[in-house]
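Reading the structure
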Amino acid sequence: MPNFAYRGRDGAGKIVQGVLEGASAGAVADTLFGTGVTPMEIKPTGAAAPKSGGGGGGSASLNIELFKQKVEHVDILLFSKQIYTLLRAGVPIMRALAGLQESSANPAMKDLLQDVREGLDSGRELSVSLGRHPKVFTPFYISMVRVGEMTGRLEEVFIRLFDHMEFERFMKEQVKSALRYPSFVIMAMGAAMFVVNIFVIPAFAKVFKGFNSELPLMTRILLGFSDFMVNSWHILIAGIVATVFGFTRWRGTPKGRYTWDKMKLKFPIAGSIIRKATLARFARAFALASRSGVPIIQALTNVAETVDNDFIADKIAKMRDGVERGESILRTAITADVFTPVVLQMIAVGEESGALDDMMQEVAEMYQSEVEYELKTLAQQIEPILITMLGVMVLVLALGIFLPIWDLGKVAMKK
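Summary of the structure given here. Nothing here was measured: the structure is a model prediction, and the numbers come from that model.

Some words on the pattern of salt bridges
For the structure shown, the criterion picks out 12 salt bridges. Taking the shortest distance from any N to any O, the salt bridge between R160 and E156 comes out at 2.5 Å. Here R160 pairs with E156, and both are found in helix 8 (residues 154-209), just 4 residues apart, close to one helical turn. Ionic pairing is found between E370 and K276, a salt bridge with its closest N-O pair at 3.0 Å. With E370 in helix 17 (residues 356-376) and K276 in helix 12 (residues 270-291), the pair connects residues that are 94 residues apart, well separated along the chain. By relative accessible area, E370 is classed as partly exposed at 29%. A residue is classified by how much of its surface remains accessible, and K276, at 18% relative accessible area, is buried. Overlapping salt bridges bring together K276, E370 and E374 as one network.

Below is the structure:
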């Protein structure tokens, strides 16, 4: 049997990794779940990946993977809501999954539900069966389902997961909506700069050559940049592609992702929104885990994987380490240095009253309201910046093009 390298987290939230032998990645995932380890990555190692068919099979497999429909976020959102409704109505889990499989319009979701049913048929728990699809279900989702199984409140966990995922979807749509107008303006400015440098400035350059006099600095800069775009456009495109590729590769590394996520929090206007949205996600996920009976250390471990920001995730992981040493949530939150005084006060009240989950839910709702307001006014906040950029661009073009004509007019008047 082939060997598989794995990386995951144990019950205490520590990263563990190693190599296991198994018939497939799913079999290795089952083994890891049985030992209390939640896998995050499993890949073949030390042996060639199994081939299907003879020559040309690899190409066919690649084509199938490229064009195969995937399970989307909305599919899991609907699954969580529908399974909650069916379980609450007393429908057995196997019959519920069969019904969802038949009604699903996504073939990939049908295949996933079929695999989950087969896992349950073979004696696996629901959390283990779902955990065989780490690209679809996050460790947080799996942990919550596992807690629901242990406490007998599975349907309650699913409706809370639905609310959590609906909140995530709402936030992403709000951000996209808020950035639509600024993106359009920036693209229009870029297109205008392209047209001016390729068509307009070269026409003026022919006129300026007949002046037989030294041109102003601003004009020489514009002519030089326009000449570079016209004659060396391939170098410009190559430079842009190389920059984008290099940035993408750098951001894909753990250190680059951590640094970029930290830098995003310092961006003007957007940084504040990103920080509040991330902390709202943290507070809502922590409240959900706490209300569902997840131990606080495991809750912090799982929540760190839901915030979608490596910098803040690292701060949460340090909070977990502090709690393991016996420190209070409040003390570790103060040390993290990412929470506002109001949030710290809510945490203090929650710890003292034993209602930390309620307080964190209040924090999530507070941040969510602030983020909604700031996103609605984002276009108004960015508009002065865009107008200033547009004004500077027009001023530079006007000075570069009209200064030589102005100087020529003055010379003509003196004569």
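Examining the packing of helix 14 (residues 310-324) against helix 15 (residues 329-336)
Here helix 14 crosses helix 15 at 145°, and the two axes come no closer than 9 Å. Considering the relative orientation of helix 14 and helix 15, their crossing is right-handed. Residues K315, M319, G322 and V323 of helix 14 form the contact with helix 15, whose participating residues are I329, T332, A333 and A336. Considering only residue class, the contact of helix 14 with helix 15 consists of 5 nonpolar, 2 polar and 1 charged.

Structural notes on a nonpolar patch on the surface
A contiguous nonpolar patch, built from F194, V195, F199 and V200 and spanning about 360 Å² of accessible area, is present on the exposed surface. Note on placement: V200 falls in helix 8.

A few points about the nonpolar core
The biggest cluster of nonpolar side chains holds 79 residues, and the ones touching the most others in it are F79, Y141, F158, L161, F282 and F339. No other element matches helix 8, which puts 12 residues into this core. The contact partners of F158, leaving out residues within four places of it in the chain, are F79, S80, I83, Y84, L87, L126, Y141 and V145. The next biggest cluster of nonpolar side chains, apart from the first, holds 9 residues, and it includes A205, F208, L215 and L223.

Quick word on the environment of E327
If you trace the backbone, E327 turns up in the loop between helix 14 and helix 15. Residues contacting E327, with those up to four places away along its chain left out, are G322 and T332. A distance of 3.4 Å separates a polar atom in the side chain of E327 from a polar atom in the side chain of R325.

Topic: the sheet that holds strand 3 (residues 38-45)
Taken in spatial order, the 3 strands line up as 2-1-3 in an open sheet, and their pairing is antiparallel. The two strands at the open ends of the sheet, each matched to only one other strand, are strand 2 (15-21) and strand 3. Neighbouring strand axes in the sheet, compared pairwise and without regard to direction, differ in orientation by 20° on average.

Overview of the packing of aromatic side chains
Counted according to the given criterion, the structure contains 10 aromatic pairs. One aromatic cluster in this structure is built from F79, F137, Y141 and F158.

Regarding helix 12
Helix length check: helix 12, at 22 residues, gives a terminal C-alpha distance of 32 Å against a target of 32 Å (1.5 Å per residue), a fit within 8%. By the criterion of burial, helix 12 is predominantly enclosed, with 16 of the 22 residues buried.

Describing the side chain of T377
In this structure, T377 sits in the loop between helix 17 and helix 18 (378-414). We classify T377 as buried; its relative accessible area is 13%. Here E374 takes part through its backbone oxygen, which lies 3.3 Å from a polar atom of the side chain of T377.

Describing unusual backbone geometry
Even without being glycine, I269 reaches a positive phi, approximately 65°. Mapped onto the fold, I269 is located in the loop between helix 11 (254-264) and helix 12. For I269, a relative accessible area of 25% translates into the label partly exposed.

Scoring rules and cut-offs
Residues numbered from 1 in each chain as written. Predicted model: local features only at pLDDT ≥ 70, side-chain atom pairs only at ≥ 80, totals over all residues. Heavy atoms only, no water. Salt bridge = Lys/Arg side-chain N within 4 Å of Asp/Glu carboxyl O. Helix = DSSP H or I, 4+ residues; strand = E, 2+ residues; numbered from the N terminus. Buried < 20%, exposed > 50% of the residue type's maximum accessible area, 1.4 Å probe, protein only. Axes fitted to C-alpha atoms, helices over the stretch in contact; angles between N-to-C directions. Left-handed = near helix turned anticlockwise from the far one by under 90°. Contact = heavy atoms within 4.5 Å. Nonpolar A, V, L, I, M, F, W, Y, C, P; charged D, E, K, R; others polar. Patch = residues over 30% accessible without salt bridge, like charges linked within 9 Å, V, L, I, M, F, W, Y side chains within 5 Å. Areas by Shrake-Rupley, 256 points an atom, 1.4 Å probe, with all protein chains shown as cover. Core = buried A, V, L, I, M, F, W, Y, C linked by side-chain atoms within 4.5 Å. Polar contact = N/O pair within 3.5 Å; in protein donor to acceptor, adjacent residues only side chain to side chain. Pairing = 2+ DSSP bridges. Phe/Tyr/Trp six-rings, centres within 6.5 Å; stacked < 30°, edge-to-face > 60°. Expected span 1.5 Å × (residues − 1).

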